[in-house]
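# Secondary and tertiary structure notes
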Amino acid sequence: MKKKGLKIALPLSMAALLLLLAVSAKGGSIVRSRHDLSSLNWRGYQSETGPMQGGTFSDYREACVYCHTPHNSSSAAPLWNRELPKEREYRMYSSPNFDSKTAKAPDGISLACLSCHDGTVAVDSVLKPPKFHAIVDAGVKHRMTLEGEPGTDSCSKCHNRSEGAYGGVSGAHDATIRYFTKDLRDDHAFSMVYPSLDIDPQFNQPTILKADGGRMFANGVQTFEGDKVQCASCHDIHNPDEKNLEGRDPFLRTSNRGSALCLTCHQK
Ligand code: HEC
Ligand code: HEC
Ligand code: HEC
Ligand code: HEC
Ligand code: HEC
């Protein structure tokens, strides 16, 4: 089925197409994965058409455009094409054991992730819609939030077993766990500086230097600008290949079997 995804990828601009080659060369492809918001009808209903288009959801028919645009992008992540959530109001994980100062608020690439995963910004709310298709902008944006009022157009209308317009009868999986809201106290700390050897010898030190000032382990686990741990330290947003035991693809940089991911950074 993955081959069919190429049809979606073709009408990209040259710049984005080159990017595509860069990503697909690594193996797993985001196209038709759960991070391909242009394939929701296909994933949900095995059809190119369905409820996820038209006046209810903007199906831009391109995988990359929900996050990237070749021009006039924002600086949160490479060629970023999304509105970012407001940085205030988050409640962050904190602990007395921390070497590094706890981040007051998410920053960098993590904000890019939260632009969908905290449920405050509509998933189809891009800075620049693609110009290759006539997109009917009905002015109605889906909100990927579970706090959506029952009956309103939101992902949670179907993806929440107990509440929402359809309750448990939509046939859709419960996605509650994937929407973080702004309370991040139950999530692994991020947006803090990675402890250096002299600060805490209990941490392995990544040795590959990156252009943005971050560092990387051989298995791809990495820090970003300012040597900070971000969502994308552990997650590879483009790559659904790494399956967990439930058969889901948590987009991880490396398998966490035997806690391999955790032990990349932590010595325990
Ligand atoms: C759901 C959001 C999302 C989608 C969809 C997406 N990306 Fe990305 N992309 C990101 C984020 C976040 C980063 C920065 C984090 C990182 O480097 O892993 C990034 C980084 C990149 C980079 C630079 C870093 C690298 O990994 O080489 C390239 C190139 C890229 N994306 C290309 C693409 C292409 C091509 C597509 C469509 C086939 C695509 N992306 C779809 C979110 C997305
Ligand atoms: C990219 C590196 C990295 C990876 C991978 C990683 N961690 Fe961490 N972890 C950190 C950093 C940095 C801290 C903050 C340490 C500090 O400042 O003292 C931390 C803190 C923690 C803490 C301490 C929280 C506290 O209250 O003191 C726990 C527990 C933890 N991580 C568990 C895990 C688990 C479980 C995994 C695997 C799912 C994991 N970590 C993967 C970097 C990482
Ligand atoms: C354009 C919106 C969007 C952006 C931006 C985005 N995601 Fe997602 N993400 C989704 C959707 C939609 C799903 C699928 C949810 C489902 O299957 O219920 C998903 C699924 C995931 C999953 C899989 C959860 C599971 O079921 O195990 C992970 C992990 C994830 N995203 C991490 C990230 C990270 C890290 C970033 C930033 C680097 C990011 N996402 C950015 C929309 C987005
Ligand atoms: C009209 C009901 C409905 C709405 C609204 C809806 N979905 Fe779905 N979705 C489904 C059904 C039914 C499935 C197929 C069963 C399943 O996988 O849960 C599905 C499947 C999915 C999948 C594929 C999961 C997989 O593992 O293959 C993703 C991702 C997804 N939906 C994301 C979203 C997002 C993001 C939104 C909001 C923008 C949304 N859905 C809104 C009904 C809906
Ligand atoms: C220290 C590593 C690490 C960091 C940092 C991290 N994650 Fe994860 N994340 C994981 C692991 C491991 C899983 C569980 C994967 C599985 O299902 O086996 C996970 C699961 C998820 C899920 C699925 C829901 C769940 O709770 O299982 C989502 C969505 C997600 N992460 C998004 C994010 C976002 C957004 C950020 C930044 C705000 C982030 N992650 C930061 C390691 C990390």
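Residues numbered from 1 in each chain as written. Chains lettered and ligands numbered in written order. Predicted model: local features only at pLDDT ≥ 70, side-chain atom pairs only at ≥ 80, totals over all residues.

### What to know about the overall build of the protein
Helix and strand content of the protein: 6 helices and 6 strands. Counting from the amino terminus, helix and strand elements in the protein follow one another as α-α-α-β-α-β-β-β-β-β-α-α. Counting only residues that meet the buried cut, the protein has 35% of its 268 residues in that class. Expressed as a percentage of contacts within the protein between residues at least 6 apart in sequence, the contacts between residues at least 24 apart total 54%. (Helix = DSSP H or I, 4+ residues; strand = E, 2+ residues; numbered from the N terminus. Buried ≥ 20, exposed ≤ 12 C-beta atoms within 10 Å, placed from the backbone. Contact = placed C-beta atoms within 7 Å.)

### Some words on the site of ligand 3
Looking at ligand 3, there are 21 residues lining it, with C113, C116, A175, C231 and H235 nearest. Listing elements by their share of the shell around ligand 3, those giving two or more residues are α4 (109–117) and α5 (231–234). The element that contributes the greatest number of residues to the shell around ligand 3 is α4, accounting for 6 residues. Among the residues making up the shell around ligand 3, the classes are represented as 14 nonpolar, 4 polar and 3 charged. (Near = placed C-beta within 6 Å. Nonpolar A, V, L, I, M, F, W, Y, C, P; charged D, E, K, R; others polar.)

### Remarks on the environment of M192
Within the fold, M192 resides in strand β3 (residues 192–193). Sequence separation of M192 and D227 is 35 residues, and the distance between their C-alpha atoms is 8.3 Å. Not counting chain neighbours up to four residues away, the residues in contact with M192 comprise S100, K101, T102, A103, K228 and V229.

### Remarks on the confidence of the model for the protein
For the protein, per-residue confidence averages 79 on the pLDDT scale, and residues scoring 70 or more make up 78% of the total. Ignoring residues within four places in sequence, the model shows residues 1–26, a span with pLDDT below 50, making 30 contacts including any to other chains. (pLDDT = per-residue confidence, 0-100.)

### Describing the nonpolar core
Y66, A76, I109, A112 and C113 are the most contacted members of the largest nonpolar core, which has 33 residues in total. If you list the elements that add at least two residues to this core, you get α4 and α5. With 6 residues, the top contributor of residues to this core is α4. By size, the runner-up hydrophobic cluster in this structure holds 5 residues, among which are V221, C234, L252 and L261. (Core = buried A, V, L, I, M, F, W, Y, C linked by C-beta atoms within 7 Å.)

### Focus on unusual backbone geometry
The phi angle at Q46 is positive, at roughly 50°, despite the residue not being glycine. Within the element layout of this structure, Q46 appears in the loop between α3 (40–45) and β1 (91–92). The phi torsion at S191 lies on the positive side, around 60°, for a residue other than glycine. With respect to the helices and strands, the residue S191 is situated in the loop between β2 (183–184) and β3.

### Here we look at the environment of P51
One can find P51 in the loop between α3 and β1. For P51, a count of 14 C-beta atoms within 10 Å corresponds to the partly exposed category. Separated by 11 residues in the primary sequence, P51 and L40 place their C-alpha atoms 9.1 Å from one another.

### Points about α4
One full turn of an α-helix is made of 3.6 residues, so residues set three or four places apart face in the same direction. Most of α4 sits out of view: 9 of its 9 residues are buried. Along α4, the positions that sit buried rather than exposed are I109, S110, L111, A112, C113, L114, S115, C116 and H117. Where α4 is buried, its residues contact α5. G119 sits one or two residues past α4 and shows a positive phi near 80°.

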